[in-house]
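Results of the structural survey
The chain contents come next:
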Amino acid sequence: MTERRKLIAGNWKMNGLKADGLALASDLAGRLKGAGAVPFDLLVCPPFPLLFPVGEAIADSALALGGQDCAAKTSGAHTGDVAPTMLTDAGCRYVILGHSERRADHGEGDALIAAKAAAAHKAGLIAIVCVGETEAQRDAGQADAVVSGQLAGSIPEGATAANTVIAYEPVWAIGTGKTATAGDVKAMHAHIRAELDGKIAEPAKTQILYGGSVKPGNAAELMAVENVDGALVGGAALKADDFWAIATSCR
Ligand code: PEP
């Protein structure tokens with residue numbers, strides 16, 4: 001059986017000012033340092049203005065830094081956009097791409113997400129590519145087909161297990177307190193694993209995260225599901241105690 005290390009990623013979304021971000025990241029970095037060897041990697045993805053201060057604060061720790069988005073372009077006249085190399089310059093190793101809130105709020109489609117992921121790879125970033133169905137799509141029995149289509153469209157040429165992570169996030173479970181059942185997560189992650197064949201080099205080594213209302217109370221069950229290689233956490237990533245409890249539920 002292929003061993004995949006767990007990745008616990010915190011998506012802070014549009015929350016917190018500098019003091020909040022520094023306090024949260026420093027707390028987590030301190031816990032990691034004190035814990036010694038752990039069976040997971042821990043990642044925080046703050047809003048753009050906090051990347052430099054947080055990056056500096058955690059530079060000598062094992063806590064990893066990521067962006068919540070990046071541009072597909074490398075530089076130039078693109079007001080409001082952030083280039084992948086600007087993320088690496090701030091100390092980022094990861095970038096979240098295609099989050100359902102970007103797909104819904106900014107009309108991002110699969111082709112743009114694939115272009116962003118390709119640009120992220122070129123800059124040396126690991127792209128966390130998000131996929132997931134809406135409640136209506138699940139109720140209509142389309143969940144597998146929707147996720148297959150998103151994977152086919154959002155994963156760029158040159159994707160490997162080393163530069164790409166997939167996050168399965170059912171849209172109806174994000175920020176709602178509803179979570180997919182362990183059985184549904186197991187079935188979808190197996191489906192995604194099979195779909196990665198031919199799209200990512202070394203599919204068996206590719207990490208597939210689950211996201212959607214992961215909390216300390218449900219993390220152990222979800223993280224124990226076959227083919228679940230970690231979590232993408234929103235709300236619970238804003239509290240050090242909760243985020244740490246989720247991470248330490250990994251075996
Ligand atoms: C997310 O934003 O990716 C997410 C999963 O949020 P939450 O954990 O709050 O559902």
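Here, the structure is the one placed above.
Residue positions are given per chain, counting from 1 as you read along its sequence in written order. Where local features are concerned, this predicted model is filtered to residues with pLDDT of at least 70; where side-chain atom pairs are given and counted, the filter is 80 or more; whole-chain, interface and lining totals use all residues. Hydrogens and water molecules were not included; the side-chain quantities draw on all heavy atoms of the structure.

What follows deals with the overall build of the protein chain. If you tally the helices and strands in the protein chain, you get 10 helices and eight strands. Against the globule reference of 18 Å for 251 residues, the protein chain gives a C-alpha radius of gyration of 17 Å, in line with a compact fold. Burial classes: relative accessible area under 20% of the type maximum marks a residue as buried, over 50% as exposed, and values in between as partly exposed (1.4 Å probe, protein chains only). The buried share of the protein chain, reckoned over its 251 residues, is 52%. Whether two residues are in contact is decided by their heavy atoms, any of which lying within 4.5 Å being enough. Look at the contacts in the protein chain between residues 6 or more apart in sequence, and 73% of them connect residues 24 or more apart. Every accessible area reported is derived by Shrake-Rupley at a probe size of 1.4 Å, with residue values counting cover from the shown protein chains alone. When the accessible surface of the protein chain is totalled, it reaches about 10800 Å², and 53% of it is carbon and sulfur. Lys and Arg are tallied as positive, Asp and Glu as negative. Neither His nor the chain termini are counted. The atom standing in for a charge is NZ when the residue is Lys, CZ when it is Arg, CG when it is Asp and CD when it is Glu. Across the protein chain, the centroid of the 22 positively charged side chains sits 3 Å from that of the 28 negatively charged ones. In DSSP terms, a helix is any run of H or I states spanning at least four residues, a strand is any run of E spanning at least two, and both are numbered starting from the N terminus. Throughout, the radius of gyration refers to the C-alpha atoms, and the reference size of a globule is 2.2 Å times the residue count to the power 0.38.

Turning to the site of the ligand, a few remarks are in order. If you check the shell around the ligand, you find 14 residues, and the closest are K13, E169, G175, S213 and G234. Under this definition, polar contacts are N or O atom pairs within 3.5 Å; protein pairs additionally need one hydrogen-donor-capable and one acceptor-capable atom, and for neighbouring residues in sequence, both atoms have to be side-chain atoms. The separation between an oxygen atom of the ligand and a polar main-chain atom of G175 is 2.6 Å. Contacts to the ligand include S213, whose backbone N or O atom sits 2.7 Å from an oxygen atom. Contact with the protein chains removes 98% of the 290 Å² of surface that the ligand exposes when unbound. Whether a residue is near a molecule or strand depends on its heavy atoms: if one lies within 4 Å, it is near.

This part takes up the packing of aromatic side chains. Two aromatic rings, drawn from Phe, Tyr or Trp (for Trp, its six-membered ring), form a pair once their centres lie within 6.5 Å of each other, and the interplanar angle then sorts them: stacked below 30 degrees, edge-to-face above 60, tilted otherwise. For the structure shown, the criterion picks out two aromatic pairs. Ring centres of F40 and W244 lie 5.8 Å apart, and the angle between their planes is 80°; on these two criteria the pair is classed as edge-to-face. You can see F40 sitting in strand β2 (residues 40-45) and its partner W244 sitting in helix α10 (residues 240-247), a full 204 residues away along the chain. Residue classification places F40 among the buried residues on the basis of a relative accessible area of 2%.

Cavity: a set of points on a 1 Å grid over the protein atoms alone where a 1.4 Å probe fits but cannot get out. Pocket: an open set with protein on both sides within 12 Å along at least five of seven lines, its lining residues, like those of a cavity, having an atom within 4 Å of a point. Grid points are joined across faces, edges and corners, and a volume is the space filled by probe spheres set on the points. In this structure the tally under the stated criterion is one cavity of 30 Å³ or more. Estimates place the volume of the largest cavity at around 40 Å³. Surrounding the largest cavity, G98, H99, S100, R103, C130, V131, G132, Q150, E169 and V171 form its lining. For the lining of the largest cavity, the elements supplying multiple residues, two or more each, are α4 (100-105) and β5 (126-131).

Any empty space left between atoms is shown by rolling a water-sized probe over those atoms. Of the voids in this model, the largest pocket is the one considered here, and its volume is about 560 Å³. Taken together, 24 residues make up the lining of the largest pocket; nearest its centre are F48, Q68, D69, R102 and H106. Where the lining of the largest pocket is concerned, the elements lending two or more residues are α4 and α5 (110-122). Here the term charged refers only to Asp, Glu, Lys and Arg, the term nonpolar to Ala, Val, Leu, Ile, Met, Phe, Trp, Tyr, Cys and Pro, and the term polar to all other amino acids, Gly among them. Residue composition of the lining of the largest pocket, grouped by class: 10 nonpolar, five polar and nine charged.

What follows is about the nonpolar core. Only buried residues count toward a nonpolar core. Its members are Ala, Val, Leu, Ile, Met, Phe, Trp, Tyr and Cys residues joined through side-chain atoms within 4.5 Å. With 64 residues, the main nonpolar core has I8, L42, I166 and I192 as its most contacted residues. Here L42 is in contact with I8, L28, L32, A62, L63, A64, F243, W244 and A247, once residues within four sequence places are set aside. Ranked by size, the runner-up nonpolar core spans 14 residues in total, among them A9, C130, A167 and L209.

Right, let's talk about the packing of helix α1 (residues 18-35) against α10 for a bit. Relative orientation of the contacting elements α1 and α10 amounts to 35°, with a least axis distance of 10 Å. Here the hand of the crossing between α1 and α10 comes out right-handed. Judged by residue contacts, L24, D27, L28, R31, L32 and A35 of α1 engage A240, D241, F243 and W244 from α10. Split by residue class, the contact of α1 with α10 holds seven nonpolar, no polar and three charged. Structural elements are reduced to axes, namely lines fitted to C-alpha atoms, with helices fitted over the stretch in contact, and the angle between N-to-C directions of any two is expressed from 0 to 180 degrees. Take the far helix as the reference: if the near one is turned anticlockwise from it by less than a right angle, the crossing is left-handed, and if turned clockwise, right-handed.

For two strands to count as paired, DSSP must find a minimum of two bridges between them. In spatial order, the strands read β1-β2-β3-β4-β5-β6-β7-β8; together these eight strands close into a barrel with parallel pairing. Between one strand and the next, the sheet's axes are offset by a mean angle of 25°, whatever the strand orientation. Relative to strand β8 (residues 230-233), strand β7 (residues 208-211) is paired through two bridges, and the arrangement is parallel. By the bridge assignment, G211 is partnered in β8 with L232.

Let's shift gears to unusual backbone geometry. In this structure, K13 takes a positive phi of about 50° despite not being glycine. With respect to the element layout, K13 can be found in the loop between β1 (6-11) and α1. Residue E202 is not a glycine yet carries a positive backbone phi of 60°. One can find E202 in the loop between α8 (182-196) and β7.

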